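Residues per chain are reported as follows:
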Amino acid sequence: MDYNTMGKNELVGSCGVDGGMVHLRKVGEESEVTLEVVDEEGKLVIGEDGLGSEVTFRVGIERSFGAALDCLEEEEAWVANERRRVVVTVVSASHLPQKDLMGSCDPFASVRMDGKEFKTKVIKRTYDPVWKEALAMGWARQCPQGEMRITLYDEDLTGKDEIGSATLDCSVLYKQKVGDEREVVLGISDDKGTGVVGKDKGMSEVKLRVRLERSILGLVAMESEQEAWVPNEKRRIVATLLRASHLPKKDMMGKVDPLVVFEQQGKEFKSSVKKSTYDPEWEERIELDWVESEEAASGVGTV
């Protein structure tokens with residue numbers, strides 16, 4: 001919703017959650033969920049920045065008698081509605097060549113994957129730059145084809161000179177264990193495939209740390225997660241609303257003043273209003289009503 005002080009709040013969009021599926025998840029655990037926001041025709045809402053609108057929150061199930069459960073073992077196979085991304089920390093480079101006749105080297109790194117480019121800052125006058133910059137690649141619903149290319153450049157007054165590049169195969173990046181981070185040192189080669197020699201006669205290298213992250217769009221109850229209801233048990237959904245992103249402009253004179261409304265079986269639960277932002281953050285806990293059976297938990301809730 002876009003909050004309007006002069007009248008009725010204006011709908012930005014909505015997304016649905018199957019209450020029965022939520023209640024089948026492990027009791028006592030929270031998981032982060034990202035939902036795409038759609039309009040009344042079911043079309044993805046496009047934000048002011050041109051990207052699809054999303055809302056993110058943490059969802060958990062509580063028991064009224066407070067039973068504790070062991071944590072799930074992480075599944076590495078892709079599941080429905082899952083997306084993954086590679087986060088590359090460009091740590092450093094070493095043994096770079098002198099590119100300017102009158103000076104040293106002013107290097108920066110460019111990382112390209114799946115048609116997108118991400119850059120580090122420029123480090124002035126060094127052959128051994130240290131960046132330690134984390135660059136998050138775009139989300140993918142399946143392993144991208146091709147490779148990730150890391151290119152080093154020397155910035156100068158007229159633009160940039162390419163020092164050389166290195167590559168990693170995407171299939172390798174997306175098959176590593178989710179959440180783990182590994183360090184990689186790659187040799188830098190020129191456009192002919194020859195290793196680049198630095199000013200100190202050492203071979204040019206770039207050091208990276210690579211991590212694979214996952215996000216689930218919506219809620220997916222795996223068979224191994226389902227837990228049977230027991231007599232006299234009650235359950236409820238506990239959601240911590242975290243943030244929304246890429247929201248569209250709704251007011252002619254301003255930005256958007258978003259709030260989130262949770263609806264469950266005819267009841268509404270509202271968040272606070274965040275003023276003038278396309279990327280609001282809440283960190284607000286919302287406790288839905290207790291239900292006493294799996295049948296009562298069924299049905300679609302909306303956000």
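Residues numbered from 1 in each chain as written. Predicted model: local features only at pLDDT ≥ 70, side-chain atom pairs only at ≥ 80, totals over all residues. Heavy atoms only, no water.

*Asks:* I keep staring at the overall build of the protein chain and nothing clicks. Help me out?
*Replies:* A count of helices and strands for the protein chain gives three helices and 16 strands. Counting all 303 residues of the protein chain, 44% fall into the buried class. Considering only residue pairs separated by 6 or more positions, the protein chain has 69% of its internal contacts joining residues 24 or more positions apart. Within the structure as shown, the protein chain displays about 16,500 Å² of accessible surface, and the carbon and sulfur contribution to it stands at 48%. (Helix = DSSP H or I, 4+ residues; strand = E, 2+ residues; numbered from the N terminus. Buried < 20%, exposed > 50% of the residue type's maximum accessible area, 1.4 Å probe, protein only. Contact = heavy atoms within 4.5 Å. Areas by Shrake-Rupley, 256 points an atom, 1.4 Å probe, with all protein chains shown as cover.)

*Asks:* Hey, could you run me through the sheet that holds strand 8 (residues 147-156) in this one?
*Replies:* Within a sheet, neighbouring strands are paired by backbone hydrogen bonds and run either parallel or antiparallel to one another. Across the sheet, four strands lie side by side as 6-5-8-9; this open sheet has antiparallel pairing. The open sheet has two edge strands with one neighbour each: strand 6 (116-119) and strand 9 (159-169). On average, each strand axis in the sheet is inclined to that of its neighbour by 25°, with strand direction left out of account. Pairing analysis gives ten bridges linking strand 8 to strand 9, with the strands arranged antiparallel. Among the inter-strand pairings, Asp156 is bridged to a residue of strand 9, identified as Gly159. (Pairing = 2+ DSSP bridges. Axes fitted to C-alpha atoms, helices over the stretch in contact; angles between N-to-C directions.)

*Asks:* Just checking my understanding: could you explain the pattern of salt bridges for this structure?
*Replies:* If charged atoms from side chains of opposite charge come close, those side chains can pair. Under the defined criterion, the tally for this structure stands at 14 salt bridges. Here the salt bridges do not stand alone but share partners, grouping Arg85, Glu181, Arg209, Arg211 and Glu213 into one network. (Salt bridge = Lys/Arg side-chain N within 4 Å of Asp/Glu carboxyl O.)

*Asks:* Which parts of the structure should I look at to understand the sheet that holds strand 11 (residues 205-216)?
*Replies:* Strand order in the open sheet formed by four strands is 7-4-11-10, and the pairing between neighbours is antiparallel. In this open sheet, the two edge strands, each paired with only one partner strand, are strand 7 (130-136) and strand 10 (181-187). Shown here is a sheet whose adjacent strand axes are inclined to one another by a mean of 20°, direction ignored. Taken together, the seven bridges between strand 10 and strand 11 define a ladder with antiparallel strand orientation.

*Asks:* Please explain the nonpolar core as it appears in this structure.
*Replies:* Nonpolar side chains in soluble globular proteins generally cluster together in the buried interior. Counting 33 residues, the largest nonpolar core has Val86, Val90, Leu152 and Leu208 as its most contacted members. Excluding residues within four positions of it along the chain, Val90 makes contact with Ala109, Val111, Thr120, Trp131, Lys132, Glu133, Leu135, Val206, Lys207 and Leu208. The next biggest cluster of nonpolar side chains, apart from the first, holds 22 residues, and it includes Val33, Ile237, Val260 and Trp282. (Core = buried A, V, L, I, M, F, W, Y, C linked by side-chain atoms within 4.5 Å.)

*Asks:* Hey, could you run me through the environment of Leu152 in this one?
*Replies:* Mapped onto the secondary structure, Leu152 falls in strand 8. Here Leu152 falls in the buried class, since its relative accessible area comes to 0%. With 43 residues separating them in the primary sequence, Leu152 and Ala109 have C-alpha atoms 4.6 Å apart. With sequence-adjacent residues up to four places away left out, Leu152 is seen in contact with Ala93, Leu96, Phe108, Ala109, Trp131, Asp161, Glu162, Ile163, Gly164, Ile188 and Val206.

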